[in-house]
Number of protein chains: 2
Amino acid sequence: MPTPSRTSLEQIVAAGRALVTTGGVDALTMQAVAQRVGVRAPSLYKRVRDRSDLVRLVVEDALRELGATLDAAADTGDPATDLRALATEFRTFAHAQPNLFGLLFVSAADRSAPDSDLLARASSPVLRTAERLAGPDDALPAARTITAWAVGFVQMELAGAFQLGGDVQEAFDYGIGRLAVALASGPRR
Amino acid sequence: MPTPSRTSLEQIVAAGRALVTTGGVDALTMQAVAQRVGVRAPSLYKRVRDRSDLVRLVVEDALRELGATLDAAADTGDPATDLRALATEFRTFAHAQPNLFGLLFVSAADRSAPDSDLLARASSPVLRTAERLAGPDDALPAARTITAWAVGFVQMELAGAFQLGGDVQEAFDYGIGRLAVALASGPRR
DNA sequence: ACCTGAACACCGTTCAAGT
DNA sequence: ACCTGAACACCGTTCAAGT
C-alpha cells in the first residue's frame, strides 16, 4: 500500500542548511534534521545516502547562492572595480554566514567534494575579471591568485588568526589594491 | 595512597597528533588516545579539560613546528627569494601533513583559538620578509596579504577546489612572482 | 512506497569506588 | 594522587515490521 511522502529532499537540505547556519556543522545531526522536517531520523535515509551526503548537498546549495551573488557583483566596466566588488561581496557573504562559509573551501575526509560544475560556475566571474586584468594567457593563474587570497583572508579573519592588531579592513583594501596592480602589470614574468 | 602517573600530557598530545596525522581530526577520539598511551579514556581528563582542549594542544604543537620551519627558511639576503622560500616551505608542510594543516587556520566553534603568542611566532618570519619588501609602514598589511594568499592557495589545493585544469604549480609560482612585484612596488597606494 | 521503533556500535563525559 | 568500571546522554545507521 503506497504511502504519500511526508517530506522532500528540498526540505531536508533546507533544514540542514538552517542548522549549519545557526549552530555550525556539528549541529547538523540526523535527528535534528528529522525533527525539523517532521519525520524520524531513519526516514531521511530514503532521500540521502548518509550524513556526509547531506552536508555535501548543503555545501552545494551555498555554492549556488555564492555563485549567483558574485555573478551579480561583477558587471561594471573597469576590471579593477570589479575585482574590488567581487572581493567585497565574497567577504560579505562569509561574514553573513560564517558557519556555512567555513565548509566551502576546506577538505573533509568524510564528505566528498562538491560538484565541480558548481565550483566552476561560482568562480567564473572571478575568471572573467582576472582575464581582463591579466590577459587571456594568465587568466587562470591570476584567478587562482585572487581566489586563494580571498579565501585565505576571510578564513583567517573568521578563525581569529589575525592577532597582531592593526586594521583588518585596511589589510583587506591593501590586498585588493596590490592584487589589481600586480595582475595588471602585464603578461611577462 | 598516591599512585605514580602512568602517562603524561606530552604523551597524550603526541598520541592525539599521530591520530590526526593518520586519520584526520575525527580519528582523534578519547578512547583511541587512551589506548595509545596505555590508559582508559576517563583518565585523560586528569590532564586535559575535554576533547576540544586536546585538539587545541595538538594544533599548538603543529604551529610550533611550522614556526620553526619557517624561521629556518627565511635567512637569505634577497626578500623576494625569502618570500619564495617561505611560501614553498609552507606548502611543503601542508602537503606533508594535510590533516594537521587543515586544522591550523580554520575556525571551529567547539575549540578555542590557539595561543596568540604561537601564532605571532609562526608569522614573524613572514612579517620580517614583508617589511623588507613593502617597507615598515606597510609591513603588517603586506604580511597579511602574503599569508592569506598562501593559506587560501594551499587549503583550496588540498580541498581539491582547483578544478579548472591548468597547472597548479604554475599558478603557485605565478602568485609568488606577482606578490613579490606588487608588494615591492612602493609605499604609496 | 514510505515511515517507524528497536537495536547496534560507537561517541564524550561524569563519578563513585578502588589502590 | 591517579586510575578504573559503570553509567548516562548522545550520535549515525540498519532493518524488520507496520500502513
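Summary of the structure given here.

The rules behind the values
Residues numbered from 1 in each chain as written. Chains lettered and ligands numbered in written order. Predicted model: local features only at pLDDT ≥ 70, side-chain atom pairs only at ≥ 80, totals over all residues. Heavy atoms only, no water. Near = heavy atom within 4 Å. Polar contact = N/O pair within 3.5 Å; in protein donor to acceptor, adjacent residues only side chain to side chain. Helix = DSSP H or I, 4+ residues; strand = E, 2+ residues; numbered from the N terminus. Least-squares fit on C-alpha atoms with pLDDT ≥ 70 in both. Buried < 20%, exposed > 50% of the residue type's maximum accessible area, 1.4 Å probe, protein only. Contact = heavy atoms within 4.5 Å. Buried area = accessible area lost by both parts, 1.4 Å probe. Salt bridge = Lys/Arg side-chain N within 4 Å of Asp/Glu carboxyl O. Nonpolar A, V, L, I, M, F, W, Y, C, P; charged D, E, K, R; others polar.

### Concerning the protein's contact with DNA strand C
DNA strand C sits among 22 residues. The nearest are Arg6, Arg40 and Ser43 of chain A together with Tyr45 and Arg51 of chain B. When atoms of DNA strand C within 4 Å of the protein are sorted by moiety, sugar and phosphate together comprise 70%. Within the backbone of arginine 40 of chain A, one N or O atom sits 2.7 Å away from a phosphate oxygen of DNA strand C. Here arginine 47 of chain A contributes a side-chain N or O atom positioned 3.3 Å from a phosphate oxygen of DNA strand C. Taken together, the elements giving at least two residues each to the surface near DNA strand C come down to helix H3 (41-44) of chain A together with helix H2 (30-37) of chain B.

### Comments concerning the relation of the copies chain B and chain A
The pair of chain copies shares a relation made of a rotation about an axis and a shift along it. Mapping chain B onto chain A calls for a rotation angle of 180° and an axial translation of 0.0 Å; the resulting RMSD is 0.0 Å. Taken together, these values place the two copies in the relation of a two-fold axis.

### A look at H2 of chain B
Residues and elements named next belong to chain B. When H2 is considered as a whole, its buried residues turn out to be Met30, Ala32, Val33, Ala34 and Val37. Looking at the buried residues of H2, the elements they touch are helix H1 (9-23) and helix H3 (51-73). Looking at the residues trailing H2, positive phi occurs at glycine 38, about 80°.

### What to know about the interface of chain B and chain A
Frequently, the measure chosen for interface size is the accessible area removed from exposure when the parts meet. Across the boundary between the two partners, chain B contributes 48 residues, which contact 48 residues of chain A. Interface area, chain B with chain A, both sides summed: about 4,000 Å², of which 64% is carbon and sulfur. The largest share of the area that chain B buries against chain A comes from Arg144, Tyr174 and Arg178 of chain B, three residues that together contribute 21% of it. Connecting chain B to chain A are zero salt bridges. Put simply, chain B and chain A have four residue pairs in polar contact (both at pLDDT 80 or more) between them. Those elements that place two or more of their residues in the side of chain B that touches chain A are helix H6 (116-134), helix H7 (139-159) and helix H8 (168-184) of chain B. If you tally residues by element for the side of chain B that touches chain A, the top one is H7 of chain B, at 15 residues. Taken together, the residues of the side of chain B that touches chain A break down into 26 nonpolar, 13 polar and nine charged.

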